[in-house]
Amino acid sequence: IVLSGDNALIIGMAASAVPEESRKKVIFIGLMAAAILRVLFALVASYLISIPGLLLLGGLLLFWVCWKFYGDIKEFSSNNEEKEKLQKDVSGKGIKAALITIIIADVSMSLDNVIAITAIARDNKTLLIFGIAFAILIMALFATAIVKLLTKFKWLSYLGLIFLVYLSSKMTFDGWLQLYPFLQS
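My aim in this report is to walk through the structure given alongside it, one point at a time. (Residues numbered from 1 in each chain as written. Predicted model: local features only at pLDDT ≥ 70, side-chain atom pairs only at ≥ 80, totals over all residues. Heavy atoms only, no water.)

**Digging into the packing of aromatic side chains**
Moving on, step 1. Taken as a whole and judged by the stated rule, the model has 3 aromatic pairs.
Moving on, step 2. Centre to centre, the rings of Trp 176 and Tyr 180 are 5.8 Å apart; their planes meet at 55 degrees, and the pair counts as tilted. Separated by 4 residues within a single helix, Trp 176 and Tyr 180 lie in helix H8 (residues 156–184), roughly one turn from each other.
Moving on, step 3. Looking at Trp 176, the relative accessible area reads 37%, which means it is partly exposed.
Moving on, step 4. We classify Tyr 180 as partly exposed; its relative accessible area is 40%. (Phe/Tyr/Trp six-rings, centres within 6.5 Å; stacked < 30°, edge-to-face > 60°. Helix = DSSP H or I, 4+ residues; strand = E, 2+ residues; numbered from the N terminus. Buried < 20%, exposed > 50% of the residue type's maximum accessible area, 1.4 Å probe, protein only.)

Rendered as structure tokens:
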């Protein structure tokens, strides 16, 4: 639940920055991308676990996502004239940017989810499939709720950003610890 919650947060934050009529589309595409990535990563999870530095790379990618969100939050919280301009921009630029952010975040954060599920399931394929399906369901349920909250209480976006910075730091630190012994040689 916790590992799916961070993906739902990213999908929700990115979707809250696009015009309202495009949010469901962004959420749907983001969830589909997350689901596809999880299935693909699950297929090669045993190999992914053994790659030193993968968490470090994922953490660094997530820092980039945090920086993009910070810019989005600032733009979304700007004065009324800029908000109206943002709401009128339905050319696809906002949707494209939101989807790119979601997919990059999904790549970095789906790894930790799949690795955790694989570590728990071990050789039990049924448990692995159930874990991935449950993670996708949690994302689907929470992403829509998060969008509603973030559009109503815009200050919550900053709390979400702080949480994502924490996750980025943890992934980067854990990835560094994983890679450090190889750098000692």
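Back to the write-up after that little detour.
**A look at the pattern of salt bridges**
Moving on, step 1. With the rule as written, the count across this model stands at 1 salt bridge.
Moving on, step 2. In this structure, Asp 174 and Lys 170 form a salt bridge, with 3.1 Å as the shortest nitrogen-oxygen distance. A residue pair is termed a helical-turn pair when its members lie 3 or 4 positions apart in one helix, as Asp 174 and Lys 170 do in helix H8 at 4 residues.
Moving on, step 3. Judged by relative accessible area, which is 27%, Asp 174 ranks as partly exposed.
Moving on, step 4. Overall, the relative accessible area of 41% leaves Lys 170 in the partly exposed class. (Salt bridge = Lys/Arg side-chain N within 4 Å of Asp/Glu carboxyl O.)

**Points about the packing of helix H2 (residues 20–43) against helix H7 (residues 125–152)**
To describe two helices that pack against each other, one gives the angle between their axes and the distance between the axes.
Moving on, step 1. Here H2 crosses H7 at 155 degrees, and the two axes come no closer than 10 Å. Classified by the interaxial angle, the pair formed by H2 and H7 is roughly antiparallel. As H2 packs across H7, the resulting crossing turns out to be right-handed. Contact residues: Arg 23, Ile 27, Leu 31, Ala 34, Ala 35, Arg 38 and Ala 42 in H2; Ile 132, Ala 135, Ile 136, Met 139, Ala 140, Ala 143, Thr 144, Val 147 and Thr 151 in H7. (Axes fitted to C-alpha atoms, helices over the stretch in contact; angles between N-to-C directions. Parallel < 35°, antiparallel > 145°, perpendicular 65-115°, else oblique. Left-handed = near helix turned anticlockwise from the far one by under 90°. Contact = heavy atoms within 4.5 Å.)

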